[in-house]
Amino acid sequence: MTPLPLTGRVETRGLSAISTRTLLRLANPEAPPKSVYDAALLRTPNDYSVALSAGYGQAVSVMNPSDVVGTFDRVALFGPKFRWLGNGDLLAIEPALGRYRVLWRTASRHNAFLVTDRCDHLCLMCSQPPKDVDDSWIIDEIGDCLSLLPAHTQTVGFTGGEPFLDWQRFIPLVDKAQQMLPSASAHVLTNGRAFSRAEVVTAWSALDRSRASVGIPIYSAVDAIHNHIVQSQNALDETVLGILRLKDRGNRVEVRIVLHQLTVPRLVETCAWLARNLPFLDHVALMGMEDTGFALANHNVLWADPVDYAQTLASAVAILAGTRIRLSVYNLPLCVLPDSVRPFAVQSISDWKNAHHDLCAPCDERGQCAGFFTSGKTKLSRGLSPIVRSGAGS
Amino acid sequence: MSRFLAPGIFHPGPSSHMQLLPLRFERLGADRIVAANLVGDMLLLSDEELRRLVALDIHPGDGIYERACEKLLVCRSDDRAWLQVLAMRLRSRMAYLAFPTALHIFVVTLRCEHSCPYCQVSRRSMDTEAFDMTEGYAMAALDIALSAPPSTIKIEFQGGEPLLNFGLIQSIVEAAENKAVRRDKKIEFVIATNLALLTDEILFYCRDHCISISTSLDGPADLHNRNRPRPGGNSHLLAVSGIERARAVLGHDHVSALMTTTEASLDRPEEIIDEYIRQDLGGIFLRPLSPYGFAVKTRWFDKYSTSRWLAFYERGLRHILKLNRQGHFFPEFYASLLLKRMLTDEPSGYVDLRSPAGIGLGALVYNYDGRVFASDEGRMLAEMGDDAFELGHLRDTDYASLVTSDRLVDLVGGTLSQCAPECSSCAYEPHCGADPVYHHATQGDPVGIKPLSGFCARQKGILGLLLTILDAGGEDARVLQRWATA
């Protein structure tokens with residue numbers, strides 16, 4: 001299985017007349033458009049006339065090019081490989097470049113907006129390598145998206161880059177998400193350093209704190225190790241100070257540890273340190289490394305096979321399981337985890353990561369398994385083997 | 001790869017770029033030193049490792065640097081987070097200070113039908129009612145107890161043998177229940193009794209008023225009866241059958257027992273512990289004799305040294321660990337208490353092991369004669385003619401006057417382990433406390449000279465023992481860790 005192509009090239013007609021970037025919400029051609037952003041999602045040749053009579057002026061096609069009949073003034077022509085697009089999904093089209101980005105998928109429980117490509121860290125295993133560009137327009141685009149999301153939306157993720165680099169514009173954006181989506185919780189992936197400044201914590205704490213959380217990576221309690229991994233001086237000190245300030249004001253904080261050659265050797269000590277010094281954390285996530293982006297470039301210094309650190313992981317899990325901190329293990333297939341770790345393993349945060357290998361076919365645990373990343377040239381654990389329950393099949 | 005900086009770029013560089021966080025250390029054995037941070041996270045080091053740590057001659061990759069960072073013993077000189085973390089943890093550990101005086105001890109009588117030679121309260125014989133608390137004093141004491149700040153308080157009935165004045169206990173319980181409702185307080189009741197005078201009526205009353213029972217059990221019958229003589233020589237039988245009857249009526253968890261170590265106990269820790277297992281008690285508190293009352297007069301207190309007691313304690317603890325390895329969950333309660341402090345930052349309100357001392361701020365004692373004392377041991381001293389810990393009299397005092405009295409402020413403020421000689425530089429200080437009554441009783445000074453103190457020797461002995469077992473790892477260490485979180 002290959003991951004969904006959430007960005008790429010697409011042929012468009014007429015869209016460039018409007019602006020350099022066009023935001024589209026896919027809609028059922030039978031129902032009249034509710035917003036100027038709505039574009040009819042055309043699945044069959046018949047949908048053309050249906051959409052036209054419903055009043056649509058723009059459309060997105062996922063038909064075979066040979067089936068395309070009739071025309072719209074403004075249309076993006078995706079092929080049948082994009083039939084996974086659904087009503088309510090949000091697309092951004094850059095017609096001049098012929099590029100598209102899928103910003104929101106209604107079918108996914110794990111939608112996250114990329115707030116910026118800029119970052120003040122340069123993590124050795126970054127799966128989303130930062131770019132030093134002015135992309136401040138993205139926050140405006142997300143603001144437009146928020147008004148187009150279903151009112152019952154449960155979670156809205158924000159990621160980067162470092163979303164809090166422009167905190168004075170980003171925090172009001174999260175506020176808007178909370179206002180527009182009364183059932184939604186906001187979850188932000190951040191390095192947490194902005195919260196070492198009191199004014200940022202004050203602004204963040206003014207949100208509905210029960211519906212806002214931040215996920216912050218801490219890779220070691222040893223500054224030299226953490227700062228090397230994130231490639232930034234003073235990082236650990238500012239991140240820990242930020243967490244203290246956040247918790248002092250009753251905010252929800254998750255700590256994330258990515259497991260690789262530089263974090264695993266002291267993982268047990270790191271977790272013991274978390275348990276003693278930050279026992280008020282809401283959640284700790286121990287995460288398999290996504291073998292993509294910089295992780296590929298730094299493969300030799302980072303890659304660790306989960307079967308080789310299984311016992312270390314079990315010891316670390318035992319320490320955190322004895323605390324009041326909620327604990328999860330992400331992104332690792334069940335078959336490489338010791339039995340004591342498996343209850344903490346949860347399915348990965350992005351549905352396009354939940355892929356399986358051919359050798360998983362006979363496995364009885366596929367439905368519960370986090371699978372492994374497929375977004376890169378993933379190196380697979382040599383410990384992969386189907387879990388077959390004895391006596392099953394009766 | 002030039003885009004990424006090498007690990008060495010992130011090393012702290014010269015030692016001038018680093019600083020020591022507040023730390024203390026203590027020798028544990030040959031070439032073995034325990035270093036502890038401000039809140040008592042401990043790291044075992046060799047002599048050479050300590051020398052390098054203190055000189056900041058440590059570097060990423062050498063193992064000491066990593067362990068010292070993780071234990072909050074060192075940081076960069078411009079770091080800001082770590083002192084904040086330590087301050088926050090210190091605040092958590094001392095959070096009990098926000099809820100002062102949760103324990104209120106009523107000495108409803110000094111009379112007792114036992115005649116234990118080690119009696120630390122100097123009991124009086126049965127015939128004279130002059131040693132019973134009056135109803136008037138009881139009600140005055142109750143008002144003081146209910147005006148203490150905590151929303152939940154514990155009232156403990158002590159003696160002598162409190163069941164000899166059970167009528168007064170009933171008056172206090174019923175008045176307390178009435179007043180508690182009006183003041184929106186929760187009250188827990190405990191009677192400390194030898195159970196010899198237990199009747200079904202008393203038990204049913206305890207059941208109806210949610211009163212727990214705490215009793216004495218010193219070990220197997222011959223040892224217990226030798227320690228605790230009474231007419232008939234049947235103290236053990238009455239205690240054991242009393243425990244069983246009380247459990248049947250009150251429920252298993254509402255009955256507990258305490259042991260006291262005498263010279264005759266020293267060779268028999270296993271038998272004493274096995275007796276507690278046999279009686280299905282959920283753990284044991286291995287307690288030394290205290291230097292008060294008849295225990296001093298009869299010289300029983302002097303009959304064994306601290307080192308002999310520590311040998312007894314270690315033998316007992318090893319036996320208990322063996323039982324735990326075999327599957328019993330059976331803690332030694334004093335070890336549990338210390339382990340909770342070593343391995344967590346839960347506030348520990350145990351009144352005998354606090355700094356500021358728990359006298360007055362942790363407990364108040366209302367004596368049968370109307371005098372109010374800062375601790376149970378304080379009233380024991382008073383029976384020996386030393387009223388150093390008397391804070392006032394029930395006829396003319398109130399809660400605020402007692403806890404802000406010059407005498408209490410002087411005693412508490414003058415004995416803080418955080419700044420007392422020897423204590424302030426002790427690695428175990430975060431897990432210890434001030435015991436002004438013990439040091440006043442043994443050295444005539446509430447601070448005391450710690451190298452001469454049995455209290456100090458016991459603390460260091462037990463803490464060092466627990467640390468050694470934890471450091472050795474394995475099943476025993478896991479047992480101790482379970483006690484800390486139970």
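All residue numbers refer to position in the chain's written sequence, counted from 1. Throughout, the order in which chains and ligands are written sets their labels, letters from A for the former and numbers from 1 for the latter. Restriction of local features to residues with pLDDT of at least 70 applies here, the model being predicted, together with a cutoff of 80 or more for giving and counting side-chain atom pairs; totals for whole chains, interfaces and linings are based on all residues.

(A) The arrangement of the overall build of chain B in detail. Summing up its helical and strand segments, chain B has 18 helices and 13 strands in all. With the radius of gyration taken over C-alpha atoms, the globule rule is written as 2.2 Å times the number of residues to the power 0.38. The C-alpha radius of gyration computed for chain B amounts to 25 Å, which stays within 12% of the reference 23 Å derived for 486 residues, consistent with globular compactness. Dimensions of chain B along its principal axes, counting C-alpha atoms only, are 90 × 50 × 40 Å. Put plainly, a residue is buried at 20 or more neighbouring C-beta atoms within 10 Å of its own, exposed at 12 or fewer, and partly exposed in between, counting only other residues' C-beta atoms, which are placed from the backbone. Burial status across chain B gives 47% buried among its 486 residues. The contact criterion used is a C-beta to C-beta distance within 7 Å, with each C-beta placed from the backbone. Once local pairs closer than 6 in sequence are excluded, the contacts in chain B between residues at least 24 apart make up 70%. Helix and strand assignments follow DSSP, with helices taken as H or I runs no shorter than four residues and strands as E runs no shorter than two, numbered in order from the N terminus.

(B) Expanded view of helix α8 (residues 235–250) of chain B. Residue and element names in this part refer to chain B. A helix is expected to reach a length of 1.5 Å times the quantity of its residues less one. The end-to-end C-alpha distance of α8 is 21 Å, a good match for the 22 Å that 16 residues give at a rise of 1.5 Å each. S235, H236, A239, G242, I243 and A246 are the residues of α8 that are buried. Buried residues along α8 cover an arc of 130 degrees about the axis, so they all sit on one side. Of the surrounding elements, those touching the buried residues of α8 are α6 (200–208), β9 (211–216), α7 (221–227) and β10 (255–258). Following α8 by one or two positions, G251 has its phi on the positive side, about 100 degrees. Here the arc refers to the set of directions running from the helix axis out to each C-beta atom.

(C) Spotlight on the domain arrangement of chain A. Residue and element names in this part refer to chain A. For the domains described, the bounds stem from an automatic or database domain assignment. Per the domain assignment, the segments making up chain A are domain 1 (7–104) and domain 2 (112–368). Using only C-alpha atoms to locate each centre, domain 1 and domain 2 end up separated by 34 Å. Taken together, the contacts link 10 residues of domain 1 with seven residues of domain 2. Every element with two or more residues in the side of domain 1 that touches domain 2 is listed here: β3 (22–27), β7 (90–94) and β8 (99–104).

(D) Here's a closer look at the packing of helix α4 (residues 135–146) of chain B against helix α5 (residues 166–183) of chain B. Residue and element names in this part refer to chain B. Only C-alpha atoms enter the line fits that serve as axes; for helices the fit covers just the stretch in contact. Angles between N-to-C directions range over 0 to 180 degrees. Interaxial distance between α4 and α5 falls to 10 Å at its minimum, and their mutual angle equals 30 degrees. In this structure, the crossing between α4 and α5 has a hand that is right-handed. Together, E135, A138, M139, L142 and L146 of α4 and L168, S171, I172, A175, A176, K179, A180 and R183 of α5 make up the contact between the two elements. Per-class residue counts for the contact of α4 with α5 are nine nonpolar, one polar and three charged. By the definition used in this description, the sense in which the near helix is turned from the far one sets the handedness, with an anticlockwise turn below a right angle giving left-handed and a clockwise turn giving right-handed. Only Asp, Glu, Lys and Arg are considered charged in this grouping, and only Ala, Val, Leu, Ile, Met, Phe, Trp, Tyr, Cys and Pro are considered nonpolar; every other residue, Gly among them, is considered polar.

(E) Inspection of the sheet that holds strand β4 (residues 38–42) of chain A at higher detail. Residues and elements named next belong to chain A. Strands sit in the order β1-β8-β7-β3-β4-β5-β6-β2 across an open sheet of eight strands; the sheet is mixed. A strand with exactly one partner marks an edge of an open sheet, and here the two such strands are β1 (7–9) and β2 (11–13). Between one strand axis and the next, the sheet turns through 30 degrees on average, direction left out of account. This element, helix α1 (residues 46–54), spans β4 and β5 (58–61) of the sheet and lies at about 155 degrees to β4. Along the sheet, helix α2 (residues 137–146) contacts β3, β7 and β8; its crossing angle with β3, the most-contacted strand, is approximately 25 degrees. Following DSSP output, two strands are said to pair if at least two bridges run between them.

(F) The environment of P80 of chain A, seen in detail. Residues and elements named next belong to chain A. When you line up the elements, P80 lands in the loop between β6 (74–77) and β7. Among the residues examined, P80 registers 12 C-beta atoms within 10 Å and is labelled exposed. The spatial distance from the C-alpha of P80 to the C-alpha of W167 is 40 Å, given a sequence separation of 87 residues. Those residues in contact with P80 that lie beyond four places of it in its chain are V62, M63 and N64.

(G) Representation of the interface of chain A and chain B in the model. Taken together, the contact pairs 19 residues of chain A with 20 residues of chain B. Each residue belonging to the side of chain A that touches chain B can be placed in one class, and the counts come to eight nonpolar, six polar and five charged.

(H) Region of the structure containing the packing of α6 of chain B against α8 of chain B. Residues and elements named next belong to chain B. Two elements in contact, α6 and α8, have axes separated by 9 Å at closest approach and are oriented at 40 degrees. Overall, the two elements α6 and α8 adopt an arrangement that is oblique. For α6 against α8, the interelement crossing comes out right-handed. For the pair α6 and α8, contact is made by L203, F204, C206 and R207 and by R245, A246, V249 and L250, respectively. A per-class count over the contact of α6 with α8 returns six nonpolar, no polar and two charged. Should an angle fall under 35 degrees it is taken as roughly parallel, and over 145 as roughly antiparallel, whereas 65 to 115 is taken as roughly perpendicular and any remaining angle as oblique.

(I) Fine view of the domain arrangement of chain B. All names here are of chain B. By domain assignment, chain B separates into domain 1 (12–93) and domain 2 (100–403). Between domain 1 and domain 2, the C-alpha centre-to-centre distance is 41 Å. Residues that form the side of domain 1 that touches domain 2 fall into these classes: one nonpolar, two polar and two charged.

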